[in-house]
Each structure stands twice: as C-alpha cells, then as structure tokens.
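# Examination of the molecular architecture
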Amino acid sequence: MSLSQRDQNVIWHPYTQMKTAALPIPIVRGEGAMLYAEDGTGYVDAVSSWWVNLHGHAHPYIAQKVAEQLQTLEHVIFAGFTHAPAVELAERLLQILPQGQSRMFYSDNGSTAVEVALKMAIQYWNNLGTPKKKIIAFRDSYHGDTFGAMAVSARSAFTAPFWSYLFEVEFVDVPVPGKEEETVKQLEAYASGGDVAAFIYEPLVLGTAGMVMYTPEVLNKLMQLCQQHNILTIADEVMTGFGRTGRTFATDYLQHQPDMVCLSKGLTGGTMALGATSCNEKIYEAFLHEDKSKTLFHGHSYTANPVACAAGLASLDLLLQSETQDNIRRICSQHNAFAARIKQMPYIKEVRQQGTILAVEFEDSTTSYFSDLRDTLYSFALYHGVILRPLGNIIYVIAPYCITDEQLNQVYQTISGMQEVVSGNRHYPRPDLTMLHD
Ligand SMILES: *Cc1c(COP(=O)(O)O)cnc(C)c1O
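This section reports on the structure supplied with the text. Just so we're clear, the structure is a prediction, and the values are computed from it rather than from any experiment.

Take the overall build of the protein next. What the protein contains, in helices and strands, is 13 helices and 16 strands. Against the compact-globule benchmark of 22 Å for 438 residues, the protein has a radius of gyration of 22 Å, which places it among compact chains. For the protein, the C-alpha atoms occupy an extent of roughly 70 × 55 × 45 Å along the three principal directions. The proportion of buried residues among the 438 residues of the protein is 52%. At a minimum sequence separation of 6, the contacts of the protein that also span at least 24 residues come to 71%. Counting only carbon and sulfur atoms, one obtains 53% of the accessible surface of the protein, whose full area is about 19,800 Å².

Here the structure, examined in full by the defined rule, presents eleven aromatic pairs. Note on Phe138 and Phe199: the rings are 5.5 Å apart at their centroids and 90° apart in plane angle, and the pair reads as edge-to-face. One end of the pair, Phe138, is in strand β5 (residues 134–138); the other, Phe199, is in strand β7 (residues 196–201), and 61 residues separate them in sequence. Like Phe138, the residue Phe199 is buried in the burial classification. Joined through ring pairs, the aromatic side chains of Phe138, Phe199, Tyr201 and Tyr214 make up one cluster. Between the NZ or CZ atom of Arg103 and the centre of the ring of Tyr284, over which it lies, the distance is 3.9 Å. In this structure, Arg247 packs its charged tip against the face of Tyr253, placed 4.2 Å from the ring centre.

This part takes up the sheet that holds strand β2 (residues 34–37). Pairing is mixed across the open sheet formed by four strands, whose spatial order is β1-β2-β3-β15. One side of each edge strand has no neighbouring strand; the edge strands of this open sheet are β1 (27–31) and β15 (386–387). Judged from the three bridges that link them, β2 and strand β3 (residues 42–45) form a sheet pairing that is antiparallel. The partner of Leu35 across the bridge, within β3, is Tyr43.

A word on the site of the ligand. All residues in the neighbourhood of the ligand are listed as Trp51, Asn109, Gly110, Ser111, Tyr142, His143, Gly144, Glu202, Asp236, Val238, Met239 and Lys265. One nitrogen or oxygen atom from the side chain of Asp236 is found 2.7 Å from a nitrogen atom belonging to the ligand. Within the side chain of Lys265, a nitrogen or oxygen atom sits 2.7 Å from an oxygen atom of the ligand. Here the ligand, which alone exposes 380 Å², has 84% of that area covered by the protein. Taken together, the residues that form the shell around the ligand break down as four nonpolar, five polar and three charged.

Before going further, it helps to spend a moment on the packing of helix α10 (residues 306–320) against helix α11 (residues 322–343). At a closest axis distance of 4 Å, the pairing of α10 and α11 adopts a crossing angle of 65°. One element, α10, and the other, α11, form an angle in the roughly perpendicular class. Two secondary-structure elements touch here, α10 through Leu318, Leu319 and Leu320 and α11 through Ser322, Thr324, Gln325 and Ile328. Its residues assigned to classes, the contact of α10 with α11 comprises four nonpolar, three polar and no charged.

Of the pockets and cavities examined, the second largest pocket occupies roughly 730 Å³. The wall of the second largest pocket is formed by 25 residues, among which Phe78, Met104, Phe105, Tyr106 and Tyr284 lie closest to the centre. Breaking the lining of the second largest pocket down by element, the ones donating at least two residues are α4 (84–96), β4 (101–107), β12 (275–280) and α9 (281–285). Of all the elements, β4 adds the most residues to the lining of the second largest pocket, at five residues. Residue composition of the lining of the second largest pocket, grouped by class: 16 nonpolar, eight polar and one charged.

Reading the values: the criteria
- Residues numbered from 1 in each chain as written.
- Predicted model: local features only at pLDDT ≥ 70, side-chain atom pairs only at ≥ 80, totals over all residues.
- Heavy atoms only, no water.
- Helix = DSSP H or I, 4+ residues; strand = E, 2+ residues; numbered from the N terminus.
- Rg over C-alpha atoms; globule rule 2.2 N^0.38 Å.
- Buried < 20%, exposed > 50% of the residue type's maximum accessible area, 1.4 Å probe, protein only.
- Contact = heavy atoms within 4.5 Å.
- Areas by Shrake-Rupley, 256 points an atom, 1.4 Å probe, with all protein chains shown as cover.
- Phe/Tyr/Trp six-rings, centres within 6.5 Å; stacked < 30°, edge-to-face > 60°.
- Lys NZ or Arg CZ within 6 Å of the ring centre and 35° of its normal.
- Pairing = 2+ DSSP bridges.
- Near = heavy atom within 4 Å.
- Polar contact = N/O pair within 3.5 Å; in protein donor to acceptor, adjacent residues only side chain to side chain.
- Nonpolar A, V, L, I, M, F, W, Y, C, P; charged D, E, K, R; others polar.
- Axes fitted to C-alpha atoms, helices over the stretch in contact; angles between N-to-C directions.
- Parallel < 35°, antiparallel > 145°, perpendicular 65-115°, else oblique.
- 1 Å grid on protein atoms, 1.4 Å probe; cavity = no way out; pocket = protein on both sides within 12 Å on 5 of 7 lines; lining within 4 Å.
- Points joined across faces, edges and corners; volume = space filled by probe spheres on them.

Following this line, the structure appears as structure tokens:
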C-alpha cells in the first residue's frame, strides 16, 4: 500500500474535507525552497509550508543546532527550572522586538501565543481592580483556532458551529485604503465607552483574510486612540514577524508600540513548534503581588522546549546574516517588478505587496464558480511544480528567503498562466487527483 493510501486509513488532515479531498502528496525530502515527493517530483514551496519556513527546508545549520541540543537536554519542566536556550532566545528576541517589550512568555504555537496575550490583557485589568470586558478586533482577522483565538477572529463559515460559545468581541472594519476614516470612527466609538480591555490586530497584513493590507499611518492612528483611552494593544505578528513585511517586524513601520506581541510560525525558521508572547513592563508588573491569585496561571507541557528554542536561536542567527537580509531585499524588488507587470494584465482585480508578501487577486464573477476555481488554481500550480494555496480567488506568495530567482520566476510564470485558467481559455492536463471516495 502506498503512503498516501495508508494515510487515508488513519489520518485526519487539517482544514481538509476528507470525503472529497485529493490524496495527499507524500513528501520525502526538502532542500532550500524545494520539497520532493516520493515519486521524485520537485515542488517550489511558495507558501513556506503554511508561512513558517524562513531559510529553506532541512537547513543544515538549524539541523546541527537542534541535534546538539537534543543530545544535551531535550526538555525540562519550565516552572521552577530554566535553561540556556530559553533565556538566550528571550534576550535576543527582546533586543530586536519593538521598543518597550521586556518579558517573554513561551507556549507552543500561534494560537496559544494569542491565548496568552488575551489572558494577560484581561487579567491585567482584573489585577488592577478595574475589570474591563470588551476586546476590539478587525472584522476579517484571523488569530488562530483555539476558542479564545477564534473569538477574536472573523465570524466566518470556518467557525460558525462555535459562534455561540465564543465571547463577544467588538469588530471594526479593516482600514483598507480609502476606508481608513470609517475604522478610526468605529474604534473611537467603542473606545470612548471606557470598558475596552484590549485591541488585537494583525499589523499591516491580514493573512488568512486574503493578504489584505493597510497602511502604517492608519494603524498608528488606531494605536494612538487606544493609548489615549487606556486600551491595551496586542500585535499579532505570528505571520508578519521575522522579515516577512520587509522589516524584522511589521511593528517596525510604526511610531506607536504595542503592549504585547505574539510570535510563532517563523520563530524557529519553520523547524519546531514554538510560540511566544512578549509584553512590556507595565503588563508584567500588574502580575507581581504577594496575593497569589494575581499570578498568570497559564502554561503548557512543552513551554519553552529547549530543542525548539535552539531552533529559534539558529533561525535568528541566519535571519540576521547579511546574506539573508540581501535575500529579503531581493525578493521585495522581484515581487515589486512582477506586481507592476501582472497589474496590467486582464482578469486581475488587484495586486498587493508588503515586503516579501505578494498577493494577486483575480476577478471573481460568482462565488460558487470561485470555490471551484480555488481548487482548479491549486492543482494548476501543483501541475507546474509550485505549491500555492489560493485563498478563494486570491493567490499569494510567501516564500522561504533562500528561494532563487529561477524558482521565483517559475512561481511568477505559474501565476501568470492562471489568468488563462480564470478566463477559461486554457485547458491543461490535470494531474492525477484521485478523489478519496469516488
Ligand atoms: C497562523 C496564525 C495564527 C495561528 O497560529 P497557529 O500556530 O496556526 O496556531 C495566529 N495569528 C496569525 C496572524 C496567524 O497567521
């Protein structure tokens, strides 16, 4: 039996309708921006394996550091004990994180990093003796799949069965170009009520919403409003962190600094599961008390896993190298040139770019057609040896920084070819996408 068939017997995949999904492609090896399937087919990983990979697959330097750590200390309880990788990673992150961040709380993924920030924010006001109930978030945001993270995320079809279990959140529109004033007004209306604990946001780019982008200017305005009204701010940099937006953090484009920052995804270069929530001294101090009930009673079995922290340190080493920084600039300018080219072409509704993140939105006629189009574009890309996961009619590129110009061109050509698929003018030999149950 093939690996895909064995998979089919025992695995339940994420975000996958198992009844109709195509057989998963068995990947046996990765190198640089490439993933290699069992049958030898190579794929350019243009989505960095769900936005996590920064430096390429199976990077020898990260592998070496992880192996060394594994042979020294694989894990230790993080309450009452500590270890060098966790301390060193916190020290080094705090050096590059937005000004004012002074403490690091570890967890193991992006959703938990968000949960921790929300709990810090809510308990902060409790500890001060002035509980505040409301949280503000962007209407189309995505902050993760656990319940607290779902609550502050868009009320979409993905979370519909759980809506009645999610705590109430005040949503404001995403301040896309031309709509800035409306969002500012909406936030101001909620803020002036005086009962808002925190504002959580994806800075500059809303990933899952479809790489929806807005300017630092309007975010500065929103943050200023929050500060004026004593509302804590939580920057969810899970996707935007570690160079994606062209700077180390999206927050680096802003004048105003958040109270908390959520990190994961690129934190370990895409090697290990690790989440981190940083906060400033104001937050931290509100939990210092003789009264034990003021403690942040939160933790995970694998909090600050030493191997994950070692991967994080190795990834930081690589990120700060001039070669990587050059690569980030190179991708930015390549994207820029491609964006200018494809913008002129038919069937393109909008092209957006923020640093190394590129999004191409195709014209959408009808929704049902386009749910089908998504799958067609996805398999079209695979057929051309590129992994692209469309968000509806939106194609985006978030590649490992080591992607070569040649590989980038392959990605661009694939996206250009999609226009003809969208127009219905192009038929291509479909790859063997055997359905699970037909
Ligand atoms: C992916 C993502 C999360 C959730 O991270 P997981 O590790 O998948 O739980 C949270 N926030 C943002 C902005 C994300 O892109």
